[in-house]
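# Examination of the molecular architecture
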Amino acid sequence: MDVIFELDSPFRSSYQMHRLVFGSGGPIVAVVAGLRGNELNSIHALNLLSAALRMQKLKGTVWLFPLINTFGADECRKRWPFGNQDINKAFPGDSNGTPAQRIAAALIEATQDADICIDVQSGAAHVRELPQVRCPISGAELELARSMHLPIVWRREGE
């Protein structure tokens, strides 16, 4: 496990963003969970994925970012507890901004070499959601999303 970003916290130990690496070479798939501390199913899903990847001989590389909002998860809170900011809404981030913006910027930088980045979200305990993929209107991302045969593919304007 690599520490790819660290920042001082007002109490306890410092905040650290971790990355687990499985396989080598390309293509590279980055998978992110726990941007919101109360979305525990996404964190659990990456733990299960991590266990499965340990048993595989991969053609390519998978980067797992298993829990971004660690302090939010400690309190089962959606938002970053220091400043009450939603990290998910802080993208693309600002390396000189608030802690949530700095975390978002660090995650963007850490995943920039990935061929695809998947953000696993699950909703809080009181939320019921269908499996869904949100992707640009066209291109490889849309074809990949459609190949998953999910009930919903949200299309948005691409960058």
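Everything below is about the structure printed above this text.
These remarks concern the structure in this document.

A few words on the pairing of strand β4 (residues 60-65). Of all the 6 residues making up β4, 6 are buried; the element is thus mostly covered by neighbouring parts of the structure. Alternating residues of β4 divide into G60, V62 and L64 and T61, W63 and F65, and every residue in both groups is buried. As paired elements, strand β2 (residues 15-24) and β4 share 5 bridges and run antiparallel to each other. In the strand pairing of β4, G23 is matched with T61. Bridge count for strand β3 (residues 28-33) against β4 is 5 bridges, and the pairing is parallel. If you follow I28 over to β4, its bridge partner there is T61. Assessed by its sense of winding, the connection that carries the chain from β3 through helix α1 (residues 40-53) to β4 is right-handed.

A few words on unusual backbone geometry. With omega at -5°, the peptide bond leading from G26 into P27 counts as cis. Here P27 shows up in the loop between β2 and β3. The backbone of C76 sits at a positive phi, close to 55°, despite the residue not being glycine. With respect to the helices and strands, the residue C76 is situated in the loop between α2 (70-74) and α3 (99-111). We note that N84 has phi near 55°; this positive angle belongs to a residue other than glycine. Tracing the backbone through its elements, the reader meets N84 in the loop between α2 and α3. Given the relative accessible area of 42%, N84 is considered partly exposed.

Attention now goes to the sheet that holds strand β5 (residues 116-120). The sheet built from 5 strands is open, its strands ordered β1-β2-β4-β3-β5 with mixed pairing. Of all the strands in the sheet, the pair left with one neighbour each is β1 (2-7) and β5. On average, each strand axis in the sheet is inclined to that of its neighbour by 20°, with strand direction left out of account.

Conventions adopted
- Residues numbered from 1 in each chain as written.
- Predicted model: local features only at pLDDT ≥ 70, side-chain atom pairs only at ≥ 80, totals over all residues.
- Heavy atoms only, no water.
- Buried < 20%, exposed > 50% of the residue type's maximum accessible area, 1.4 Å probe, protein only.
- Helix = DSSP H or I, 4+ residues; strand = E, 2+ residues; numbered from the N terminus.
- Pairing = 2+ DSSP bridges.
- Right-handed = clockwise from strand over helix to strand, strands pointing away.
- Axes fitted to C-alpha atoms, helices over the stretch in contact; angles between N-to-C directions.

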